[in-house]
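The residues making up each chain are set out below.
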Amino acid sequence: MASATAKEMEIKLTNVARPSLEDLLIDYEDFLRTGKRALSAKNHRLLNRLRELIKTRNANDTIFQKAIEHENPEICANTIITLITITSFFAATANTIAGSSLC
């Protein structure tokens, strides 16, 4: 019973966080658009490299720090947009898995 309650709480917290991530994503996209900067294509080399890094064992923020703190704001924003997108995907996947295990 405690396990089911913990999973229900996890689902609720994920559902609360998702709109915040979506708002943040919109803000970064607006930043690029209003500054006449490019939103990188899904197959851009930088984004592909980020996806590879995320798959590495023990991936943490220091791996992405160079791109997040890059002097080019376009690279920073596109990095953060990619991380938000991937985080949203993982959260939705975890939520689906947790929800199906409650049944």
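Here, residues in each chain are numbered from 1, in the same order as that chain's written sequence. Two thresholds apply to this predicted model, a pLDDT of at least 70 for residue-level local features and 80 or more for giving and counting side-chain atom pairs, whereas whole-chain, interface and lining totals are computed over all residues. Water and hydrogen atoms were dropped before computing side-chain values, which therefore reflect all heavy atoms in the structure.

**What about the overall build of the chain?**
Next, step 1: Along its length, the chain carries 4 helices and 0 strands.
Next, step 2: Listed N to C, the secondary structure of the chain is α-α-α-α in terms of helices and strands.
Next, step 3: Exposed residues in this analysis have more than 50% of their type's maximum accessible area, buried residues have under 20%, and partly exposed residues fall in between, with area computed by a 1.4 Å probe over protein chains only. Put simply, the chain has 103 residues, and 22% of those count as buried.
Next, step 4: Look at the contacts in the chain between residues 6 or more apart in sequence, and 68% of them connect residues 24 or more apart.
Next, step 5: Note on areas: Shrake-Rupley with a 1.4 Å probe; residue coverage comes only from the protein chains shown. Total accessible area on the chain stands at roughly 7400 Å², and carbon and sulfur atoms take up 59% of it. Helix numbering and strand numbering both begin at the N terminus, where a helix is a DSSP run of H or I of at least 4 residues and a strand a DSSP run of E of at least 2. In this analysis, two residues are considered to be in contact whenever any of their non-hydrogen atoms come within 4.5 Å of each other.

**Brief notes about the pattern of salt bridges**
Next, step 1: The term salt bridge refers to a side-chain nitrogen of Lys or Arg lying within 4 Å of a carboxyl oxygen of Asp or Glu. The tally for this structure, following the rule as stated, stands at 2 salt bridges.
Next, step 2: Across the pair arginine 33 and aspartate 30 runs a salt bridge, and its minimum N-O distance is 2.6 Å. With arginine 33 and aspartate 30 both in helix H1 (residues 2-34), this residue pair falls 3 residues apart, about one helical turn.
Next, step 3: Taking relative accessible area as the criterion, arginine 33 reaches 53% and is therefore assigned exposed.
Next, step 4: Where arginine 49 meets glutamate 52, a salt bridge forms, and the shortest distance between an N and an O atom there is 3.2 Å. Of this pair, arginine 49 and glutamate 52 both sit in helix H2 (residues 45-54), 3 residues apart, which is roughly one turn of that helix.

**A look at the nonpolar core**
Next, step 1: Counting 5 residues, the largest nonpolar core is built from Leu47, Leu50, Leu53, Phe64 and Leu83.
Next, step 2: Considering every element that reaches this core, the biggest residue donor is H2, with 3 residues.
Next, step 3: When sequence neighbours within four positions are dropped, the list of residues in contact with leucine 50 reads Phe64, Thr79 and Thr82. Take the buried Ala, Val, Leu, Ile, Met, Phe, Trp, Tyr and Cys residues and link them wherever side-chain atoms come within 4.5 Å; each set so joined is a nonpolar core.

**Here's the deal with the confidence of the model for the chain**
Next, step 1: A residue-level look at the chain finds 74% of positions with pLDDT of 70 or above and a mean pLDDT of 79.
Next, step 2: Per residue, pLDDT captures the predictor's confidence, and it can take any value from 0 to 100. Per-element mean pLDDT across the chain ranges from 76 in H1 up to 84 in helix H3 (residues 61-68).

**Things to note about unusual backbone geometry**
Working note: non-glycine residues mostly have negative phi, and peptide bonds are mostly trans.
Next, step 1: Of note in the backbone geometry, lysine 36 takes a positive phi value of approximately 55° without being a glycine.
Next, step 2: Checked against the element boundaries, lysine 36 lands in the loop between H1 and H2.
Next, step 3: With a relative accessible area of 76%, lysine 36 lands in the exposed category.

**Some details on the environment of serine 88**
Next, step 1: Looking at the element boundaries, serine 88 is found in helix H4 (residues 73-102).
Next, step 2: Given a relative accessible area of 21%, serine 88 falls into the partly exposed group.
Next, step 3: Through-space distance from the C-alpha of serine 88 to that of leucine 25 is 10.0 Å; in sequence the pair is 63 residues apart.

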